[in-house]
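Here are the chains, one letter per residue:
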Amino acid sequence: MSTPRLIINGAKGRMGQALLAAAADLKFPVAAAVDAGDDLAAALALGDVVIDFSVHSATARVIELAVAQKKSLVIGTTGHAAAEKAKLAALAAQVPTVWAGNFSVGVNLLFALTRRATRILGADYDTEVIEMHHRFKKDAPSGTAARLLEIILEERQLAASALKHGRSGITGERPSAEVGVHALRGGDVIGDHTVMYAGIGERIELTHKASDRQVFARGAVRAAAWVVAQKPGLYDMQDMLGLKD
Ligand code: NAD
């Protein structure tokens, strides 16, 4: 792994501050720390890889500038609509890019375990995803929950219309071809995710709880070191950690 010069976008935010601390701790030089209103194009010229943890509306410009200046990308920002994300991902693939809804090793193991559990348990086990985050979070469900749901839908061969966001009123019995999604918000919770499989007579729960933002920040800084050595293309943490089937 080389030691790239980092450009941190969203530097004044919770994750931005965690990234600056992780870069210092892991001894990676920060060429520029950028937030809303700063000159991102000028900042990009100073470094090798942009780490973006800002807001979904800022991602398009980050990618356009990185492609124009042939810089690598690490994107952690969440909250993009599916169609918007597909368009942006195609553009980002012109440079080496790691795009992940969650940069923790534990959550990436949870993704792999969820794929395996869903494959083994199938339609006999009602599947629900529950996430909880701090009261300041602006999007729901979380990017991590969205990825867990994608994996479950793929393995169960269900369309996105199978997702059931919360329940209220006379809902009727639960169809097996439904995947429940529940976003809890409150306090300072950094990020909890549970995938629950409820069968007749038993229940399996896969749970990950993050207790420190550093886990994402250190993962993102490591991804920056990894991605600068890759060919142009779109990668995720599963690629970096060798967790692909
Ligand atoms: P935050 O609100 O604390 O910080 C966002 C920062 O982005 C703010 O400082 C804001 O001023 C800045 N910003 C807004 N518009 C900008 C622009 N146009 N250009 C540059 N900066 C701009 O949010 P946060 O908790 O730090 O989270 C940031 C993002 O990272 C969210 O989308 C969150 O869901 C995501 N996140 C991802 C992971 C992961 O592992 N992938 C982990 C945690 C958070």
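Rules of the game
- Residues numbered from 1 in each chain as written.
- Predicted model: local features only at pLDDT ≥ 70, side-chain atom pairs only at ≥ 80, totals over all residues.
- Heavy atoms only, no water.
- Axes fitted to C-alpha atoms, helices over the stretch in contact; angles between N-to-C directions.
- Helix = DSSP H or I, 4+ residues; strand = E, 2+ residues; numbered from the N terminus.
- Parallel < 35°, antiparallel > 145°, perpendicular 65-115°, else oblique.
- Left-handed = near helix turned anticlockwise from the far one by under 90°.
- Contact = heavy atoms within 4.5 Å.
- Nonpolar A, V, L, I, M, F, W, Y, C, P; charged D, E, K, R; others polar.
- Buried < 20%, exposed > 50% of the residue type's maximum accessible area, 1.4 Å probe, protein only.
- Near = heavy atom within 4 Å.
- Polar contact = N/O pair within 3.5 Å; in protein donor to acceptor, adjacent residues only side chain to side chain.
- Areas by Shrake-Rupley, 256 points an atom, 1.4 Å probe, with all protein chains shown as cover.
- Domains from an automatic or database assignment.

(A) Summary view of the packing of helix α5 (residues 105-121) against helix α6 (residues 143-156). Where α5 meets α6, the axes come as close as 9 Å, and the angle between the chain directions of the two elements is 25°. Relative to α6, α5 is oriented roughly parallel. Classified by chirality, the crossing of α6 by α5 is right-handed. Contact with α5, carried on its side by V107, L110, F111, T114, R115, T118 and R119, involves T144, R147, L148, I151, I152, E154, E155 and R156 of α6 and no other residues of that element. Looking at the contact of α5 with α6 residue by residue, the classes come out as six nonpolar, three polar and six charged.

(B) Main features of helix α3 (residues 59-68). Regarding α3, the residues found buried are T59, V62, I63, L65, A66 and V67. Taken together, the buried residues of α3 touch β1 (6-9), α2 (40-44), β3 (49-52), β4 (72-75), α4 (82-92) and β5 (96-99). Positive phi shows up at K70, right after α3, with a value of about 50°.

(C) Seen up close, the site of the ligand. Around the ligand there are 23 residues in total, and R14, M15, D35, T78 and F103 lie nearest to it. Separating an oxygen atom of the ligand from a backbone N or O atom of F103 is a distance of 3.0 Å. Against a free-state accessible area of 860 Å², the protein chains account for coverage of 78% of the ligand. Split by domain, the residues of the shell around the ligand number at least three in each of domain 1 (6-99 + 213-241) and domain 2 (105-210).

(D) The arrangement of the environment of I8 in detail. Structurally, I8 can be placed in strand β1. According to the relative accessible area criterion, I8 is buried, its value standing at 0%. Placed 27 residues apart in sequence, I8 and D35 show a C-alpha to C-alpha distance of 8.3 Å. Discounting chain neighbours no more than four positions away, the residues touching I8 are G16, L19, L20, V30, A32, A33, V34 and I51.

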